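# Observations on the three-dimensional arrangement
Letter by letter, the chains look like this.
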Amino acid sequence: MFIGHFALALAAKKADKKLSLGTGFMAVQLLDLLWPPFLLIGIEKVKIEPGNTAFTPLNFIHYPFSHSLFNAIIWSMLLATIYYFIRKEMRSALIAGLLVLSHFFLDLLTHRPDLPVFPWSDWKVGLGLWNNVALTLATEVGLFAAGIYFFISNTVLDKKHKIIFWSLIAFLLVVYVMNVFGPPPPSEEAISYAGFSLWLLVAWAYWADKSA
Ligand SMILES: [Zn+2]
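Residues numbered from 1 in each chain as written. Predicted model: local features only at pLDDT ≥ 70, side-chain atom pairs only at ≥ 80, totals over all residues.

### Regarding the nonpolar core
What counts here: By our criterion, buried Ala, Val, Leu, Ile, Met, Phe, Trp, Tyr and Cys residues that link up through C-beta atoms within 7 Å make up a nonpolar core. Buried, partly exposed and exposed are defined by the number of other C-beta atoms within 10 Å of a residue's own C-beta, namely 20 or more, between the two limits, and 12 or fewer respectively, with C-beta atoms placed from the backbone. Strands are runs of DSSP state E lasting at least two residues, helices are runs of H or I lasting at least four, and both sets are numbered from the N terminus onward. C-beta atoms are placed from the backbone for every residue, and two residues are taken to be in contact when these atoms lie within 7 Å.
By size, the foremost hydrophobic cluster in this structure holds 44 residues, and its most contacted members are Ala9, Ala27, Ala96, Leu99 and Val100. Secondary structure elements with two or more residues in this core: helix H1 (3-15), helix H2 (21-28), helix H3 (30-40), strand S2 (58-62), helix H5 (69-87), helix H6 (90-110), helix H7 (133-152) and helix H10 (198-208). If near-sequence neighbours (up to four positions away) are discounted, Val100 is found in contact with Ala27, Leu30, Ala72, Trp75, Ser76 and Leu79.

### What to know about H1
For H1, a buried count of 11 out of 13 residues is recorded, marking the element as mostly surrounded by other parts of the structure. Taken together, the buried positions of H1 are Ile3, Gly4, His5, Phe6, Ala7, Leu8, Ala9, Leu10, Ala11, Ala12 and Lys13. Contacts made by the buried residues of H1 are with H2, H6, H7 and helix H8 (159-181).

### So, H7
Put simply, the rule is: In this analysis, the expected span of each helix is defined as 1.5 Å times one less than the number of residues it contains. Arc definition: it is the arc formed by the directions from the helix axis to the C-beta atoms.
Between its first and last C-alpha, H7 extends 28 Å over 20 residues, near the 28 Å set by a 1.5 Å rise per residue. All of the buried residues in H7 are Thr136, Glu140, Leu143, Phe144, Gly147 and Phe151. Buried residues along H7 cover an arc of 100 degrees about the axis, so they all sit on one side. The outward face of H7, more than 90 degrees from its buried face, is lined by the exposed residues Ala134, Ala138, Gly142 and Ala145. Looking at the buried residues of H7, the elements they touch are H1 and H6.

### Notes on the environment of Asn71
Looking at the secondary structure, you find Asn71 in helix H5. The class for Asn71 is buried, based on 20 C-beta atoms found within 10 Å. Along the sequence, Asn71 and Val117 sit 46 residues apart, while their C-alpha atoms lie 8.6 Å from each other. Those residues in contact with Asn71 that sit more than four places away from it in its chain are Pro64, Phe65, Ser66 and Pro119.

Treat this as a map of the structure, not an account of what it does.
Below is the structure:
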C-alpha cells in the first residue's frame, strides 16, 4: 500500500485540526521510513521477484524490526510520547500514535502472509489484496479520494498553500502510477536508497499545511 497510507493522514484532519499533515505523513509511513536504513545495515531483507504478488515485484523476506505488529505498537507509542513531550497535546499525540499503527493494518490488508506478528516468531499474516490489481487500485484510490475530501473540508488553506497541497497530491499520484505500471526497481539497493525520498514527502506535507 502506498497512497492508502497517506489517505489516513489526510483524513486525520477531521479528528484533529492541530496535527500537521507533515506529522501525519511521518506517522503513517514511519514503518516504511525505518525500513530503508534497516535494509542498508542488513538487519532486514527484501528481494526483487516479479510475480511475487500480481501488484508488486517485491518479496518481503524479513522485516520484523520495522513491520511486525509488536514493533508497530512500540513505534507508535514512541512517536506518540515524543510528540507529546514536544507539543503537549495529548489528543494529537494519541492520533499520531494511532496513525503509526494504521500502517500495519493497511499492510495486513494488502500483503500476502509475510508480515510478522512478533519479531521473535515465524507467525506471519497478510490478507493478500495485492493478488488482485484492480481491487488494490480501487481500494487505494478510493481511500485516497476520501482522505483528500476530509482534508480539504477540515482545513483552510490560502492560495499559496493550496498550490503546494495540490502539487503534493498530484506528485503522489504520479509516483503511484509509476510504481504500479513502471518497470521493477533495478536492484534491492536501489529500493533502500529510493526509500529515503519518503522524507521529502514528509517535508512537503509540513510545507503544505500551514495550520500546524
Ligand atoms: Zn509498509
